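This is what each chain is made of:
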Amino acid sequence: MNNIYLIGFMGSGKSTFGKKLAAALQFHFIDLDKKIEKQTGKTILEIFDESSEDIFRKIESKVLNNLNTKNSVIACGGGTPCFFQNMDTIKKDGISVYLKMPVKTIKDRLNRSHKKRPLLQNLSKDRLDIEIPQMLDYRSYYYHQADIIIDSLHIQAKQLAAYLSENYSR
Ligand code: S3P
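Here the structure is a predicted model, which means the values were calculated and not measured.

Some points on the site of the ligand
Residues in close proximity to the ligand total 14 residues, the closest being Lys14, Asp33, Arg57, Arg117 and Arg139. Between the ligand and the protein, one listed contact pairs an oxygen atom with a side-chain N or O atom of Arg117 at 2.7 Å. Against a free-state accessible area of 380 Å², the protein chains account for coverage of 96% of the ligand. In this structure, the ligand is accommodated by the largest pocket. Broken down by class, the residue content of the shell around the ligand amounts to five nonpolar, three polar and six charged.

This is the structure:
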């Protein structure tokens, strides 16, 4: 089976789900943000603070395009498929899965999350209520290009693993 790319909005559980999926398939697990941090020696927050989102996107795209991996589940960042030709890269290299979640659930989960997210962390609650749905709306165009779209509240990693093994194994 090809690599599997998990895409979806911030807070939709790509890393948690990805680890479970990788375990079920006996694949490697790669967290793209972690890979960027390792390769640059900086946290995502530091890259945004010290440089800019533009620079972050260039690094992100470069790391994505140079992954050079096999038998891996890759948890992308929420913005990964939405910049440059990244979605084409993802689609050429593997099977893309959009972890779809209702916007209300995303908001609740982001509220509870401890991960620092540079695009959201300085926004007030009122602002987040406006920005998150807008951003999701814009990004949905890219997310919906995924090969598989799952309702991630109701599908378990094991179920997806079984589906993938049945339909995408060669
Ligand atoms: C981003 C999502 C983050 C991280 C960066 C930008 C985004 O990853 O890549 O802060 O643009 O949606 P998560 O989706 O894992 O939070």
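Moving on, there is more to tell.
Details of helix H8 (residues 157–168)
Every α-helix winds through 3.6 residues per turn, so residues three or four apart in the chain are directed the same way. If you check H8, its first and last C-alpha atoms are 15 Å apart, about what 12 residues at 1.5 Å a residue would give, namely 16 Å. Those residues of H8 that fall on the buried side of the exposure criterion are Ala157, Leu160, Ala161 and Leu164. What you see down the axis of H8 is that its buried residues fit within an arc of 105°, all on one side. In this structure, H8 carries Lys158 and Glu166 as exposed residues pointing more than 90 degrees from its buried face. Those residues of H8 that are buried are in contact with strand E1 (3–7), helix H1 (14–25), strand E4 (94–100) and strand E5 (148–151).

A short note on the side chain of Thr69
As for its placement among the helices and strands, Thr69 is situated in the loop between helix H4 (53–65) and strand E3 (72–75). Thr69 gets classed as buried once you look at its relative accessible area, which sits at 19%. Here the side chain of Thr69 touches Ser72 through a polar contact of 2.7 Å, side chain to side chain. Residues contacting Thr69, with those up to four places away along its chain left out, are Asn3, Ile30 and Ile74.

Quick word on the sheet that holds strand E2 (residues 28–31)
The strand order across the open sheet built from five strands is E2-E3-E1-E4-E5, with neighbouring strands paired in parallel fashion. Bordering the open sheet on either side are E2 and E5, each of which pairs with just one other strand. Strand-to-strand twist across the sheet, computed as the mean angle between neighbouring axes with direction ignored, equals 25°. The pairing of E4 with E5 spans four bridges and is classified as parallel. What sits directly across from Val97, in E5, is Ile148.

Describing unusual backbone geometry
You will see that Gln26, though not glycine, has its phi angle at about 55°, which is positive. Structurally, the position occupied by Gln26 is in the loop between H1 and E2. Under the relative-accessibility criterion, Gln26 is labelled exposed at 75%. Look at Phe84: it is not a glycine, yet its phi comes out positive at around 50°.

Conventions we followed
Residues numbered from 1 in each chain as written. Predicted model: local features only at pLDDT ≥ 70, side-chain atom pairs only at ≥ 80, totals over all residues. Heavy atoms only, no water. Near = heavy atom within 4 Å. Polar contact = N/O pair within 3.5 Å; in protein donor to acceptor, adjacent residues only side chain to side chain. Areas by Shrake-Rupley, 256 points an atom, 1.4 Å probe, with all protein chains shown as cover. 1 Å grid on protein atoms, 1.4 Å probe; cavity = no way out; pocket = protein on both sides within 12 Å on 5 of 7 lines; lining within 4 Å. Sits in = over half its atoms within 2 Å of the grid points. Nonpolar A, V, L, I, M, F, W, Y, C, P; charged D, E, K, R; others polar. Helix = DSSP H or I, 4+ residues; strand = E, 2+ residues; numbered from the N terminus. Expected span 1.5 Å × (residues − 1). Buried < 20%, exposed > 50% of the residue type's maximum accessible area, 1.4 Å probe, protein only. Arc of directions from axis to C-beta. Contact = heavy atoms within 4.5 Å. Pairing = 2+ DSSP bridges. Axes fitted to C-alpha atoms, helices over the stretch in contact; angles between N-to-C directions.

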